[in-house]
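Spelled out from the first residue to the last, the chains are:
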Amino acid sequence: MGAQGIPTHGIAMHGAPALPPDFDHYPYADPAAKKGGKLRVGLAGTFDSLNPFNLKSGSAVQGISGNVFQTLMARSQDEPFTLYGLIAQSIDVDPARAHVTFHLDPRARFSDGKPITAEDVLFSFDLLKNKGRPQQRIAYGLVKSVDAPDAHTVRFDLTGVGDRELPLILAIMPVLPKHATDVEKFADATLAKPIGSGPYVVQDAQAGARLLLRRNPDYWGADLPSQRGFYNFDEIDIQYFRDGNSLFEAFKAGLLDYRDETSTTRWATGYDFPALNEGRVVKETLKNDMPKGMEGFVFNTRRPLFQDIRLREALGMMFDFEWINANLYAGLYTRTKSFFDESELASTGRPASAAERKLLEPFPGAVREDILEGRWRPPANDGTGRDREMAKRALELLESAGYRIEGDALRKDGQPISFEIMVKDRNQERLALNYASSLKRIGVDARVRLVDEVQYQRRRQKFDFDMMIGQWIASASPGNEQRMRWGSASAAQEASFNLAGAASPAIDALIAALLAAESHDDFVTAVRAYDRVLLSGFYVVPLFHASEQWIAHSSDLIRPEPMPRYASPVFGPTLESWWRRDP
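What comes next is a walk through the structure. (Residues numbered from 1 in each chain as written. Predicted model: local features only at pLDDT ≥ 70, side-chain atom pairs only at ≥ 80, totals over all residues. Heavy atoms only, no water.)

**Focus on the overall build of the chain**
(1) Moving on: Regarding its fold elements, the chain presents 16 helices and 26 strands.
(2) Moving on: By the compact-globule yardstick of 25 Å for 583 residues, the chain fits well, its C-alpha radius of gyration being 25 Å.
(3) Moving on: Dimensions of the chain along its principal axes, counting C-alpha atoms only, are 80 × 60 × 45 Å.
(4) Moving on: The buried share of the chain, reckoned over its 583 residues, is 54%.
(5) Moving on: Across the chain, every contact between residues at least 6 apart in sequence was considered, and the portion connecting residues at least 24 apart equals 73%.
(6) Moving on: Counting 70 positive and 77 negative side-chain charges, the chain places the averaged centre of each group 3 Å from the other. (Helix = DSSP H or I, 4+ residues; strand = E, 2+ residues; numbered from the N terminus. Rg over C-alpha atoms; globule rule 2.2 N^0.38 Å. Buried < 20%, exposed > 50% of the residue type's maximum accessible area, 1.4 Å probe, protein only. Contact = heavy atoms within 4.5 Å. Lys, Arg positive; Asp, Glu negative; His and termini not counted. Charge placed at Lys NZ, Arg CZ, Asp CG, Glu CD.)

**Let's talk about helix α7 (residues 309–317)**
(1) Moving on: Within α7, seven of the nine residues are buried, leaving the element largely enclosed by the surrounding structure.
(2) Moving on: Buried within α7 we find Leu-311, Arg-312, Glu-313, Ala-314, Leu-315, Gly-316 and Met-317.
(3) Moving on: Where α7 begins, the capping side chain belongs to Asp-308, and its oxygen is found 2.9 Å from the backbone nitrogen of Arg-310. (Polar contact = N/O pair within 3.5 Å; in protein donor to acceptor, adjacent residues only side chain to side chain.)

**As for the environment of Ser-554**
(1) Moving on: Take Ser-554: it is sitting in strand β24 (residues 549–554).
(2) Moving on: With 273 residues separating them in the primary sequence, Ser-554 and Val-281 have C-alpha atoms 4.5 Å apart.
(3) Moving on: In this view, Ser-554 contacts Asp-257, Arg-280 and Arg-580; residues no more than four positions away in its chain are not counted.

**Side note on empty space enclosed by the protein**
(1) Moving on: Across all of its chains, the model carries two cavities of 30 Å³ or more by this definition.
(2) Moving on: Roughly 60 Å³ of internal volume is contained in the largest cavity.
(3) Moving on: Together, Met-294, Phe-339, Phe-340, Trp-472, Ile-473, Ala-474, Gln-482, Arg-485, Trp-486 and Leu-534 line the largest cavity.
(4) Moving on: For the lining of the largest cavity, the element with the most residues is helix α14 (residues 481–486), which contributes three residues.
(5) Moving on: Residues belonging to the lining of the largest cavity are distributed by class as follows: eight nonpolar, one polar and one charged.
(6) Moving on: Looking at the second largest cavity, its volume works out to about 40 Å³.
(7) Moving on: Here the lining of the second largest cavity is built from residues that sort into five nonpolar, three polar and one charged. (1 Å grid on protein atoms, 1.4 Å probe; cavity = no way out; pocket = protein on both sides within 12 Å on 5 of 7 lines; lining within 4 Å. Points joined across faces, edges and corners; volume = space filled by probe spheres on them. Nonpolar A, V, L, I, M, F, W, Y, C, P; charged D, E, K, R; others polar.)

**Overview of the sheet that holds strand β21 (residues 467–472)**
Sheet strands pair via backbone hydrogen bonds, and the direction of the pair is either parallel or antiparallel.
(1) Moving on: One open sheet holds the five strands; their spatial order is β20-β19-β21-β14-β22, and the pairing between them is mixed. In this open sheet, the two edge strands, each paired with only one partner strand, are β20 (445–450) and β22 (540–542). For this sheet the average axis-to-axis angle between neighbouring strands, irrespective of direction, equals 35°.
(2) Moving on: In this structure, strand β19 (residues 418–423) lies alongside β21, joined through two bridges in parallel fashion. Bridge assignment links Met-422 to a residue of β21, and that residue is Met-468.
(3) Moving on: Together, β19, β20 and β21 form the strand contacts of helix α13 (residues 453–461), whose direction differs from that of β19 by roughly 125°. (Pairing = 2+ DSSP bridges. Axes fitted to C-alpha atoms, helices over the stretch in contact; angles between N-to-C directions.)

**A closer look at the pattern of salt bridges**
(1) Moving on: Applying the stated criterion across every chain yields a total of 32 salt bridges.
(2) Moving on: Among the ionic pairs, Asp-257 bridges to Arg-40, the shortest N-O distance being 2.8 Å. Of this pair, Asp-257 sits in the loop between α4 (244–252) and β12 (258–261) while Arg-40 sits in strand β2 (residues 38–44), placing them 217 residues apart in sequence.
(3) Moving on: Given the relative accessible area of 26%, Arg-40 is considered partly exposed.
(4) Moving on: Lys-252 is the partner of Glu-249 in a salt bridge, and the nearest nitrogen-oxygen pair spans 3.4 Å. (Salt bridge = Lys/Arg side-chain N within 4 Å of Asp/Glu carboxyl O.)

**Quick look at the sheet that holds strand β4 (residues 82–85)**
(1) Moving on: If you trace the three strands from one edge of the open sheet to the other, you get β1-β4-β3, paired in antiparallel fashion. In the strand order of this sheet, the two ends are held by β1 (10–12) and β3 (73–76), each with one partner. Across the sheet, the mean angle separating the axes of adjacent strands is 25° when strand polarity is ignored.

**As for the packing of aromatic side chains**
(1) Moving on: Counted by the stated rule, this structure contains 38 aromatic pairs.
(2) Moving on: On the numbers, 6.2 Å between centres and 65° between planes, the contact of Tyr-219 with Trp-220 is edge-to-face. With respect to class, Tyr-219 is no different from Trp-220; both count as buried.
(3) Moving on: For the pair Phe-339 and Trp-472, a centre-to-centre distance of 6.5 Å together with 65° between the ring planes defines the contact as edge-to-face. Remark: Trp-472 occurs in strand β21 and Phe-339 occurs in the loop between β15 (334–335) and α9 (354–360); sequence separation between them is 133 residues.
(4) Moving on: Trp-472 sits in the buried class, given a relative accessible area of 3%.
(5) Moving on: Here the aromatic cluster, defined as three or more aromatic residues joined through ring pairs, consists of Phe-248, Phe-251, Trp-267, Tyr-271, Phe-273, Phe-321, Tyr-329, Tyr-333, Phe-544 and Trp-550. (Phe/Tyr/Trp six-rings, centres within 6.5 Å; stacked < 30°, edge-to-face > 60°.)

Here it is, written out as structure tokens:
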């Protein structure tokens, strides 16, 4: 990143981009990859729109972003958050990141041959700011002003914002064609073939069933360093399946070329079919440096019952991961012990550094001693499904907080401890029923309630639940999204992702610290301290994760040996860096 007035080839969230200005290709791409052939992939679900950018994008087809529509700059999945030239061939940011200027590549074209100009960028910014997804509206709404000095230059004024991530958020803005976008109907679902600037065009689309992409032989950016070695298939056929079993059967029958497996049972026992046994299908396990994130039963601390941290910790002790993993998931999962597990950002297993302790110093008591020293782990049961020692430990903690077993119920001040666990599908229900059974052993009445999708979303958005399963996907560069997940302001903000209702000055201060960090070391320090505060709050009963990604694919497909370090999943649904052996 250069000083204002010196355009550079890339921008990193912290420090400098890893690749030099004259880099030839990304480390996980092979510029010698063969072009040609057809890729057939299957996805679960349905779609009714080819527009992935508006509020109805939940029903939009996958495979459009990146392939058809592209952004000002391209993200390298080999670095936590670094962008290199694409539609904008260079970027100019001042040290305070109060101004950012994008210099467009004069060669950039839409698929209909029309040049991409600053007018298209201004149009896209204004459209997405007013009619885009909520996170776009929020981020773009921070911009003080934007102007275009000439046809290939766009400047954003970010003075007073104090957000070092915002220039990168603007750099991953999709650029839409002003001449071919209907503003009035932008919010409507549509199957009209879109015009983008990417390597593919839409050949055919059948609502809920199929999307066929054809590689554009005139793609303007094919030789850019950030694009070299990618987008190698002549055609990509994306087929949709409403039923997961049907999708797997189609793969087994050779109708699909690639599969991401998410079922532990299927991975352990289902891959015994002729195509695999004969070598026409290959199974692989993949692993990279991406943080694994957190999924768990979350306590709604807006409820008076769950404001007692000792109760939350004791209830967490009763989740029997060891029995559940062995009996329900073929032993393939790993217990989650950090909000950024299996990465350098995780605090568990590491004593807090002097720099972390300094950040935490204004908040005495915000981090428990065993978490500060890195010794804490989620409690481990003996795997029998009836660990008496763990139940004893939980009851001792509860008794110290004034809870007593009276009859067969746990009570405090005569009131029984009773709550509802809201779930949305049979998989969640099975897990919650097992947990409720364990809680019953210490006199806690946890009732599991399965609700339909509409009711589930309404209750989640209004925080109308006692406990539910929450998921916090981690990135290698956590940023502004943390405010909506854990910041005090979001606790009362309807539809935020602050499911727990956390409102802590320590959390707010550490989110501010990670957003203000200028060096990688300062960033890691802030995130680890933040992780310790979240763990110390016992807002969540941690569940588990797969340490590896499970894939199966046709033996005719080849991928580069180096894999991206920070991609999740490791490869996108259309395998941008892969190619076919004999097109």
